[in-house]
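# Structure assessment
Given next are the chains, with one letter for each unit.
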Amino acid sequence: MRAPGLKAGRGIVVDRRPLGVGAFRRLWVASVVCAVGGSFSLAAIPTQLFTMTGSSAAVGASAVVSFVALVVAALWTGALADVGDRRTILLAAHCGLTSTYAALWAQSVLDARSVPILMMLVACQGLTFGSIMTTMGAVVPRLVPAELLPAANSLSSLVRYAGSIVGPVLAGLLIPLVGLGTLYLFDALALLAVVWAVARLPRLEPARASNVPAGPHRGNHPAIARILAGFRYLAASRLLVAVLAVDLSAMVFGMPIALFPELAQRTYGGPAGGGLALGLLYAAYPAGVFAVGLLSGTFTRARRHGALMAAAAAAWGITVVALGLAAQLWIALTALVLGGAVNFVLSTFRNAISQALTDDAMRGRIQGALTVVLIGGPQLANLLHGTAASLLGPRTVICVGGLLTTTAVAAIAWRVPELRSYTMSTPGPRRDPDRSA
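The structure presented is a predicted model; accordingly, all values stated were derived computationally and were not measured.

So, how was this worked out
- Residues numbered from 1 in each chain as written.
- Predicted model: local features only at pLDDT ≥ 70, side-chain atom pairs only at ≥ 80, totals over all residues.
- Heavy atoms only, no water.
- Helix = DSSP H or I, 4+ residues; strand = E, 2+ residues; numbered from the N terminus.
- Buried < 20%, exposed > 50% of the residue type's maximum accessible area, 1.4 Å probe, protein only.
- Contact = heavy atoms within 4.5 Å.
- Core = buried A, V, L, I, M, F, W, Y, C linked by side-chain atoms within 4.5 Å.
- Salt bridge = Lys/Arg side-chain N within 4 Å of Asp/Glu carboxyl O.
- Phe/Tyr/Trp six-rings, centres within 6.5 Å; stacked < 30°, edge-to-face > 60°.
- Axes fitted to C-alpha atoms, helices over the stretch in contact; angles between N-to-C directions.
- Parallel < 35°, antiparallel > 145°, perpendicular 65-115°, else oblique.
- Left-handed = near helix turned anticlockwise from the far one by under 90°.
- Patch = residues over 30% accessible without salt bridge, like charges linked within 9 Å, V, L, I, M, F, W, Y side chains within 5 Å.
- Areas by Shrake-Rupley, 256 points an atom, 1.4 Å probe, with all protein chains shown as cover.
- pLDDT = per-residue confidence, 0-100.

Another point: the side chain of Thr100. Structurally, Thr100 is set in helix H5 (residues 86-109). The class of Thr100 is buried, set by a relative accessible area of 5%. Beyond its immediate chain neighbours, meaning those up to four positions away, Thr100 contacts Leu121, Cys124 and Gln125.

Core analysis: the biggest nonpolar cluster contains 57 residues, and Val246, Leu281 and Leu419 have the highest contact counts within it. Elements that contribute at least two residues to this core include exactly helix H9 (222-235), helix H10 (238-253), helix H11 (260-267), helix H12 (276-293), helix H13 (305-325), helix H14 (329-357), helix H15 (363-392) and helix H16 (394-415). With eleven residues, the single largest contributor to this core is H14. Leu149, Val159, Leu183 and Val198 belong to the second-largest nonpolar core, a separate cluster that totals 49 residues.

Looking now at the pattern of salt bridges. Inspection of the entire model under this criterion finds 13 salt bridges. Across the pair Arg363 and Asp360 runs a salt bridge whose closest N-O atoms are separated by 2.8 Å. Linked through salt bridges whose partners overlap, the residues forming this network are Asp82, Arg86, Arg142, Asp360, Arg363 and Arg365.

Applying the stated rule across the entire model yields five aromatic pairs. Considering the side-chain rings of Tyr285 and Trp316, the 5.7 Å spacing of their centres and the 65 degrees angle between planes classify their relative orientation as edge-to-face. Of the two residues, Tyr285 is situated in helix H12 and Trp316 in helix H13; the sequence distance between them amounts to 31 residues. Members of the aromatic cluster, each reached through a chain of ring pairs, are Phe299, Phe344 and Phe349.

Contact pair H13 / H16: the axes reach a minimum separation of 7 Å and the direction vectors enclose 165 degrees. Relative to H16, the element H13 is oriented roughly antiparallel. Where H13 crosses over H16, the handedness of that crossing is left-handed. Residues Ala310, Ala313, Ala314, Trp316, Gly317, Ile318, Val320, Val321, Leu323, Gly324 and Leu325 of H13 lie in contact with H16, whose contacting residues are Arg395, Ile398, Cys399, Gly402, Leu403, Thr405, Thr406 and Val409.

The subject of this paragraph is unusual backbone geometry. One non-glycine residue with positive phi stands out, namely Asp111, at about 55 degrees. Owing to a relative accessible area of 45%, Asp111 belongs among the partly exposed residues under this scheme. For Arg113, which is not glycine, the phi dihedral falls at a positive 50 degrees. When you line up the elements, Arg113 lands in the loop between H5 and helix H6 (115-143). The class for Arg113 is exposed, based on a relative accessible area of 57%.

Now for a nonpolar patch on the surface. A surface patch of nonpolar side chains, about 460 Å² in accessible area, is lined by Leu177, Val178, Phe186, Leu189 and Leu192. Where the nonpolar patch is concerned, the elements lending two or more residues are helix H7 (149-178) and helix H8 (180-199). Take the nonpolar patch: its biggest share by element is three residues, from H8. As for its position among the elements, Leu177 is in helix H7. Its relative accessible area of 68% is what places Leu177 among the exposed residues.

Inspection of the secondary structure puts Ser296 in the loop between H12 and H13. Take Ser296: its relative accessible area is 0%, and that puts it in the buried class. Distance from Ser296 to Ala151, taken between C-alpha atoms, is 7.3 Å for residues 145 residues apart in sequence.

What follows is about the confidence of the model for the protein. For the protein, per-residue confidence averages 83 on the pLDDT scale, and 89% of positions sit at 70 or higher. In this model, residues 1-9 is a region of pLDDT below 50 whose contacts with residues beyond four sequence positions or in other chains number two contacts.

Written as structure tokens, this is what we have:
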């Protein structure tokens, strides 16, 4: 007989129920392989650019190129995913990313030393990655039932953040041992696991529904018309707008990552150009995300998704204020760990609400909009925090940002009571996608 303590413990550790769905399980296992072995380029590309040019401006330019390409891909692919087979789109995107990594390996082995070629490949990476993020967000709700969406999203986030911690560290250790080219090759090979998992999915044609905006209008390109229809659908849902507004408030006002170097040096006495304090500041947030991900069973079975999302966003603002007030490094690290923990809850229910609330015929376009917010929010935060800190100082800006986050979230929750009261609907019967035609 199973011990009572073990049975009780199953409710607080990682919620593994979505892994009982064969198609999701294969995707998730493949993502574990890819999270580490497929993330080396995140460190390799900036390293190669800086080595070639000696300029951090070139590294910054590559980030802009990647972001613009990702936004274009997210919006365009979102529209495409609502009229075509999502499995085919996801497979093409992963094959494209694999080919991009193979090309990065080839240019490194051939010692091309061409900044334009590298920038072109960075754009290809942004295009394919944006397509993958958007389409995957529309695929997962077709693989698992609505009541398992929080657990499925938490499992995916757990792997993604584990990769963001381990991948760059391993890349830094491996670059002097095997060279940049080999890291690109590792990325390409790791992605083959995901290509295999996607190839085994059933066809995932979008469902047809009558309650979505009209199709292309005369005079517009069909894809552009579908994108515009997606924005109209989004604007017509107060709850979806509230979800995006809460998430954007948390990321724009409360994401002071751009100020970590100044904090590490001027507040916590770290050396110029880096040091232990800076490394710990960058590591604390993902460590908090990963830690609470291991205990996802404590909240993924909850039904009041809207209230939990809003509460997590407000709590994130409070932890940011604590970071701004922290005069000692250990207090700042504690605030960031707690912030990562509540942000994991925020992102889990943000995805679950948007996926469950959106009609399947519109999921691609709504996920495209979410992808733009998810990537663009921190970029805007870097700009705002960096500019304001030069006038007011980093700690003041961080405190103000945290207060603005909590205040904005409270205002949104008060103005849109649907967010506070949103509860996961009772699930109905569902067919196993592995047995779908």
